[in-house]
Amino acid sequence: SPLSSAEIDFIEQLGQQAESAGLTRITGRIWGLLVVSGEALAPAEIATLLQVSRASISVGLKTLESLELLHIRTRPGDRQSYFEMREHPYTAMMQLQGRRAAANLALVRGALGKITKPAARRGLQDLESFYAIMLEGHDGMMARLEERSP
């Protein structure tokens, strides 16, 4: 079904927000479209609705897959893949961010075990503290997200 002007505005604004967060604008627009569409869409449908190239859609979908936001489905007799928001996508996204933060914390702690220069250690200790605090906050956010999931 055609998109309303409010849906188009949301899609465009999410594209701008995604771009300011380091993603491509197209990735944010795809995300926005999948949020408001409520159905699984083929890449060609997404390209048509957003008026962008299939290649751009392919790259954006790969990015959203890497963030664990998407569910890919197929239809009998159809070789295409269809993309939709996965169930509880933001819980999955937070879990991914938590794993990345934990890996970064381990990396910093490993470096702290080997680097002896005082200035470098101060910087590493600061970064270690940041990741530790981030993970503490992450645990609280995960608990709240899981409470909201049916």
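Everything numeric here is computed off the predicted structure, so don't read it as measured data.

A. Inspection of the nonpolar core at higher detail. Of all hydrophobic cores here, the largest spans 21 residues; its most connected members are Ile30, Leu34, Ile46, Leu50, Ile57 and Leu61. Counting residues per element, the ones that place at least two in this core are α1 (5-20), α2 (25-37), α3 (43-50), α4 (54-66), β2 (78-85) and α5 (89-112). Setting aside chain neighbours within four positions, we find Ile46 in contact with Ile30, Leu33, Leu34, Leu41, Ile57 and Leu61. If you look at the next biggest cluster of nonpolar residues, it comprises eight residues, including Leu105, Val108, Leu112 and Tyr131.

B. Up close: α3. Of all the positions in α3, only Pro43, Ile46, Ala47 and Leu50 are classed as buried. Mapping the buried residues of α3 onto a view down its axis gives an arc of 100°, with all of them on the same face. Contacts from the buried residues of α3 go to α1, α2, α4 and β2. Where α3 terminates, the next one or two residues include Gln51, which has phi positive at roughly 55°.

C. Inspection of a nonpolar patch on the surface at higher detail. Taken together, the side chains of Phe10, Val35 and Tyr90 define a hydrophobic patch exposed on the protein surface, amounting to about 230 Å² of accessible area. Relative to the helices and strands, Tyr90 is located in helix α5. Look at Tyr90 and you get partly exposed, because its relative accessible area is 34%.

D. Geometry of the environment of Ala106. Mapped onto the elements, Ala106 comes out in helix α5. In the structure, Ala106 is positioned 61 residues away from Glu45 in sequence and 42 Å away in space, judged by C-alpha atoms.

E. Molecular detail of the pairing of strand β1 (residues 70-75). As paired elements, β1 and β2 share six bridges and run antiparallel to each other. What sits directly across from Thr74, in β2, is Ser81. Between β1 and β2, which follow one another and run antiparallel, lie two residues, and Gly77 among them has a positive phi close to 80°.

F. Expanded view of unusual backbone geometry. Non-glycine residue Gln51 carries a positive phi angle of around 55°. Structurally, Gln51 can be placed in the loop between α3 and α4. Given the relative accessible area of 72%, Gln51 is considered exposed. We note that His88 has phi near 55°; this positive angle belongs to a residue other than glycine. Tracing the sequence through the fold places His88 in the loop between β2 and α5.

G. View of the packing of aromatic side chains. Taken as a whole, this structure holds two aromatic pairs when the rule is applied. With a centroid separation of 6.3 Å and 35° between ring planes, the pair formed by Trp31 and Tyr90 is classed as tilted. Taken together, the positions of Trp31 in helix α2 and Tyr90 in helix α5 put the pair 59 residues apart, joining distant regions of the chain. By relative accessible area, Trp31 is classed as buried at 14%.

Procedures and definitions
As a convention, each chain's residues are numbered from 1 in the sequence order in which they are written. Residue-level local features of this predicted model are given only where pLDDT is at least 70; pairs of side-chain atoms are given and counted only at 80 or more, and the full residue set underlies all totals for whole chains, interfaces and linings. With hydrogens and water stripped out, all remaining heavy atoms of the structure feed into the side-chain values. Residue types Ala, Val, Leu, Ile, Met, Phe, Trp, Tyr and Cys, when buried and joined through side-chain atoms within 4.5 Å, form a set referred to as a nonpolar core. With a 1.4 Å probe rolled over the protein chains alone, any residue whose accessible area is under 20% of its type maximum counts as buried; one over 50% counts as exposed, and the rest are partly exposed. Per the convention used, a helix needs a DSSP run of H or I reaching at least four residues, while a strand needs a run of E reaching at least two, with both numbered from the N terminus. Any two residues whose heavy atoms approach within 4.5 Å are treated as being in contact. The arc refers to the directions leading from the helix axis to the C-beta atoms. Exposure above 30% relative accessible area and the absence of a salt bridge qualify a residue for a patch, where like charges join within 9 Å and nonpolar side chains (Val, Leu, Ile, Met, Phe, Trp, Tyr) within 5 Å. Surface accessibility follows the Shrake-Rupley procedure with a 1.4 Å probe radius. Residue values consider only the protein chains on display as shielding. Salt bridges are defined as contacts in which a side-chain nitrogen from Lys or Arg sits within 4 Å of a carboxyl oxygen from Asp or Glu. Only strands joined by at least two bridges in the DSSP assignment are considered to pair. Under the pairing criterion, centres of Phe, Tyr and Trp rings, with the six-membered ring standing for Trp, must be within 6.5 Å; the plane angle then separates stacked pairs below 30 degrees from edge-to-face pairs above 60, leaving the rest tilted.

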